[in-house]
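Examining the three-dimensional arrangement
This is what each chain is made of:
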Amino acid sequence: MAKIEKFEDLEIWNKSREICIDIETLFETTNLGKRFSIKDQMDRSSGSIMDNIAEGFERNGNREFVNFLSFSKGSCGELKSQLYRSLDKKLISQSEFDNLAIKIELVKNKIGAFMKYLNSTEIKGLKFNNKQ
């Protein structure tokens, strides 16, 4: 894989950005936008997925990047749980839930695969070593 120069070139960052846009659309088109506490939580969780990818990329080496990707992956779980709460409260429809849940799962899986890849490469220019 060629060296990636900026986080905007990462597919997982772009896919997580799409999730943020989709979440914002839900706020505008459903009753979810009227429930400020869950709206705020979902906004922070979706942003955390995207932001931790960018912050980890800007850090030094693969070790730190993998740590930040782990935070992003955790935020995927948090956001999916909040989707379930929104569905249970009838703030979103089943199809809205399904569409976003699929995207979140895809990003979570891609983050996990990228973490494994980073554990075996020098993409960030510093060799990753579990013994460091």
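Residues numbered from 1 in each chain as written. Predicted model: local features only at pLDDT ≥ 70, side-chain atom pairs only at ≥ 80, totals over all residues. Heavy atoms only, no water.

**A word on the environment of Thr-29**
Inclusion rule: Elements are defined by DSSP. Helices are runs of H or I of four residues or more, strands are runs of E of two residues or more, and each kind is numbered from the N terminus. For the purposes of these results, a polar contact is taken to be a pair of N or O atoms within 3.5 Å, where, inside protein, one atom must be able to donate a hydrogen and its partner to accept one; residues adjacent in sequence count only when each atom of the pair is a side-chain atom.
You can see Thr-29 is positioned in helix H1 (residues 11–29). Distance from Thr-29 to Ser-120, taken between C-alpha atoms, is 43 Å for residues 91 residues apart in sequence. In terms of polar contacts, Thr-29 uses its side chain to reach the backbone carbonyl oxygen of Thr-25, at 2.8 Å.

**Section: the side chain of Ser-75**
To keep it simple, the criterion reads: Throughout, exposure labels follow a simple rule: accessible area from a 1.4 Å probe, protein chains only, divided by the maximum for the residue type, with under 20% read as buried, over 50% as exposed, and the rest as partly exposed. The contact criterion used is simple: two residues touch if any of their non-hydrogen atoms lie within 4.5 Å.
When you line up the elements, Ser-75 lands in helix H3 (residues 61–88). Owing to a relative accessible area of 5%, Ser-75 belongs among the buried residues under this scheme. When near neighbours in sequence (up to four residues on either side) are disregarded, Ser-75 contacts Ser-45, Ser-48 and Ile-49.

**Structural notes on the packing of H1 against helix H2 (residues 36–58)**
Where we set the bar: Think of each axis as a best-fit line through the C-alpha atoms, taken over the contacting stretch in the case of a helix, with angles from 0 to 180 degrees between the N-to-C directions. Put simply, angles under 35 degrees are roughly parallel, angles over 145 are roughly antiparallel, angles from 65 to 115 are roughly perpendicular, and the rest are oblique. For any helix crossing, the convention is left-handed if the near helix is rotated counterclockwise from the far helix by under a right angle, and right-handed if that rotation is clockwise.
For the pair H1 and H2, the least separation of the axes is 8 Å and the interaxial angle reads 165 degrees. Of the possible angle classes, the one that applies to H1 and H2 is roughly antiparallel. At the point where H1 passes H2, the crossing takes the left-handed sense. Contacts between H1 and H2 involve Ile-12, Trp-13, Ser-16, Arg-17, Ile-19, Cys-20, Ile-23, Glu-24 and Phe-27 from the former and Lys-39, Met-42, Asp-43, Ser-46, Gly-47, Ile-49, Met-50, Ile-53 and Ala-54 from the latter.

**Observations regarding the packing of aromatic side chains**
The description of an aromatic ring pair uses the distance of the two centres, along with the angle that the planes make with each other. Convention followed: Any two of the Phe, Tyr and Trp rings considered here, Trp counted by its six-membered ring, make a pair once their centres fall within 6.5 Å; the pair's planes then place it as stacked at under 30 degrees, edge-to-face at over 60, or tilted in between.
In total, this model carries six aromatic pairs according to the counting rule given. An angle of 70 degrees between the planes, with centres 5.1 Å apart, marks the rings of Phe-7 and Trp-13 as edge-to-face. Of the residues examined, Phe-7 reaches a relative accessible area of 17% and is grouped as buried. Classification of Trp-13 as buried rests on a relative accessible area of 8%. Through successive ring pairs, a cluster of aromatic residues spans Phe-57, Phe-65, Phe-114 and Tyr-117.

**Here we look at unusual backbone geometry**
Note: most residues except glycine have negative phi, and most peptide bonds are trans. Even without being glycine, Lys-90 reaches a positive phi, approximately 60 degrees. With a relative accessible area of 68%, Lys-90 lands in the exposed category.

**Comments concerning the side chain of Ser-45**
The topology assignment puts Ser-45 in helix H2. A polar side-chain atom of Ser-45 sits 3.4 Å from a polar atom in the side chain of Glu-78. Once residues within four sequence positions are removed from consideration, Ser-45 is found in contact with Ser-75, Glu-78, Leu-79 and Gln-82.

By themselves these figures say nothing about function.
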